[in-house]
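A closer look at the structure
Read off the chains here:
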Amino acid sequence: MPRAAAPRELLVVDGYNVIYKSARYLARMDETADGDPFEQARDLLVADVAAYAKGRYEPVIVFDAAGNVSPERPDLSKAGVRLVFSPAGESADTVIERLVTEARLAPQAVTVVTSDNTIRATVGGIPVTRVSSDVLVTNMDALDVEYRQANAERQTQHMRLEDRIDPAAREKLWRLLRGRDA
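Let us look at the structure shown here. Numbers given for residues are sequential positions, taken from 1 along each chain in its written order. The model is predicted, so local features are restricted to residues of pLDDT at least 70 and side-chain atom pairs to those at 80 or more, both for listing and for counting; the totals for chains, interfaces and linings are taken over all residues. Note that water and hydrogens are dropped before the side-chain values are worked out from all heavy atoms of the structure.

Details of the layout of surface pockets
Space left empty within the atom packing is revealed by a probe, the size of a water molecule, rolled over the atoms. If you add up the space inside the second largest pocket, you get close to 160 Å³. Runs of H or I in DSSP of at least four residues are treated as helices and runs of E of at least two as strands, each being numbered from the N terminus. Those elements giving two or more residues to the lining of the second largest pocket turn out to be helix 3 (39-53) and helix 6 (133-159). Per-element accounting of the lining of the second largest pocket gives the leading share, 4 residues, to helix 6. For this classification, Asp, Glu, Lys and Arg are treated as charged, while Ala, Val, Leu, Ile, Met, Phe, Trp, Tyr, Cys and Pro are nonpolar and the rest, including Gly, are polar. Grouping the constituent residues of the lining of the second largest pocket by class yields 5 nonpolar, no polar and 4 charged. Every definition here rests on a 1 Å grid over the protein atoms only: cavities are sets of points where a 1.4 Å probe fits but cannot get out, pockets are open sets enclosed by protein on both sides within 12 Å along at least five of seven lines, and lining residues have some atom within 4 Å of a point. Grid points are joined across faces, edges and corners, and a volume is the space filled by probe spheres set on the points.

Encoded structure:
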């Protein structure tokens, strides 16, 4: 009987810790909005974490909702990323520690992304890898640059007629243009 595949490594991201570490996310915050000023920043972080995880990780982003005006947010998934908002009276740190403990008992490898020294100290050890928020932000910025370059190249290729014509037909056209018969 075949053995079940090992679970993917759990990627736990300290959401607001990462958001506050990057101009990329802070630029998406809107303090003047009537609604949630973090919504766009969170959406961008979710998209980035989904791209970063790419099937290697089981991604979870934990947001601290303990002090929010409306802390009652359901846990949900977006783009394959599980979002967890800490319940009223509980910090994101506590939720992260619980997720890491559950993964250790499973056993499942875990990578925790935070620059919070308290969390880094309490969740360390095998099989937990700790990554600073700055490292994730740097990786996200690099992925964004790669994506933009690849997209620009695709756009350029599709704009030229010669790139859209079958190579054999293109050769035949060049011969006709040069005055030779096909």
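Back to the text.
A look at unusual backbone geometry
Geometrically, the link from alanine 106 to proline 107 is a cis peptide bond, its omega value of -15° lying close to zero. With a phi close to 30°, lysine 54 is a non-glycine residue in the positive phi region. For lysine 54, the position within the fold is in the loop between helix 3 and strand 2 (57-63). You will see that alanine 79, though not glycine, has its phi angle at about 55°, which is positive. You can see alanine 79 is positioned in the loop between strand 3 (76-78) and strand 4 (81-85). Exposure categories follow from relative accessible area, calculated using a 1.4 Å probe and restricted to protein chains: below 20% of the type maximum is buried, above 50% is exposed, and the middle band is partly exposed. Given the relative accessible area of 61%, alanine 79 is considered exposed.

What to know about the sheet that holds strand 6 (residues 128-131)
For two strands to be treated as a pair, DSSP must find at least two bridges joining them. Pairing within the open sheet is mixed, and its 6 strands lie in the order 3-4-2-1-5-6. If you trace the sheet from one side to the other, it starts and ends with strand 3 and strand 6, each paired once. Within the sheet, the average angular offset between the axes of one strand and its neighbour, ignoring direction, is 25°. Summarising the sheet, strand 3 and strand 4 pair through 3 bridges and their orientation is antiparallel. What sits directly across from serine 77, in strand 4, is arginine 82. We call two residues in contact whenever any of their non-hydrogen atoms come within 4.5 Å of each other. Fitted lines through C-alpha atoms give the axes, limited to the stretch in contact for helices. The angle between two N-to-C directions lies from 0 to 180 degrees. In this fold helix 3 packs onto strand 1 (9-14), strand 2, strand 3 and strand 4, with an angle of close to 160° to the strand it touches most, strand 2. The strands touched by helix 4 (residues 92-105) are strand 1, strand 2, strand 4, strand 5 (110-113) and strand 6; relative to strand 2, the strand with the most contacts, the crossing angle is about 155°.

Here we look at helix 3
It helps to recall that an α-helix has 3.6 residues per turn; residues three or four apart then point in one direction. The length a helix should cover is 1.5 Å for every residue beyond the first. Between its terminal C-alpha atoms helix 3 stretches 21 Å, which fits the 21 Å expected from 15 residues at 1.5 Å a residue. Among all positions in helix 3, only Ala41, Arg42, Leu44, Leu45, Val46, Asp48, Val49 and Ala53 are buried.

Things to note about the nonpolar core
General note: in soluble globular proteins, nonpolar side chains tend to be found buried as a group. Side-chain atoms within 4.5 Å are what join buried Ala, Val, Leu, Ile, Met, Phe, Trp, Tyr and Cys residues into a set we call a nonpolar core. Counting residues in each nonpolar core, the largest one holds 26 residues, and the members touching the most others are Val13, Val18, Ile19, Tyr25, Leu45, Ile61 and Phe63. Val60, Val62, Ala103 and Val123 belong to the second-largest nonpolar core, a separate cluster that totals 16 residues.

Quick word on the pattern of salt bridges
The term salt bridge refers to a side-chain nitrogen of Lys or Arg lying within 4 Å of a carboxyl oxygen of Asp or Glu. This structure, assessed with the given rule, holds 6 salt bridges. Between arginine 24 and aspartate 48 there is a salt bridge; the shortest N-O distance is 2.9 Å. Pair noted here: arginine 24 is in helix 2 (residues 23-26) and aspartate 48 is in helix 3, with a separation of 24 residues, a long-range link. The buried category is assigned to aspartate 48, whose relative accessible area is 8%. As a salt-bridge pair, arginine 148 and aspartate 144 come within 3.0 Å of each other at their nearest N and O atoms. Remark: aspartate 144 and arginine 148 occur in helix 6; sequence separation between them is 4 residues, near one turn of the helix. On the accessibility criterion, arginine 148 (55% relative accessible area) is exposed. Salt bridges sharing partners connect three or more residues here, namely Arg24, Asp48, Asp144 and Arg148.

So far we have only geometry, and geometry alone does not tell us how the molecule works.
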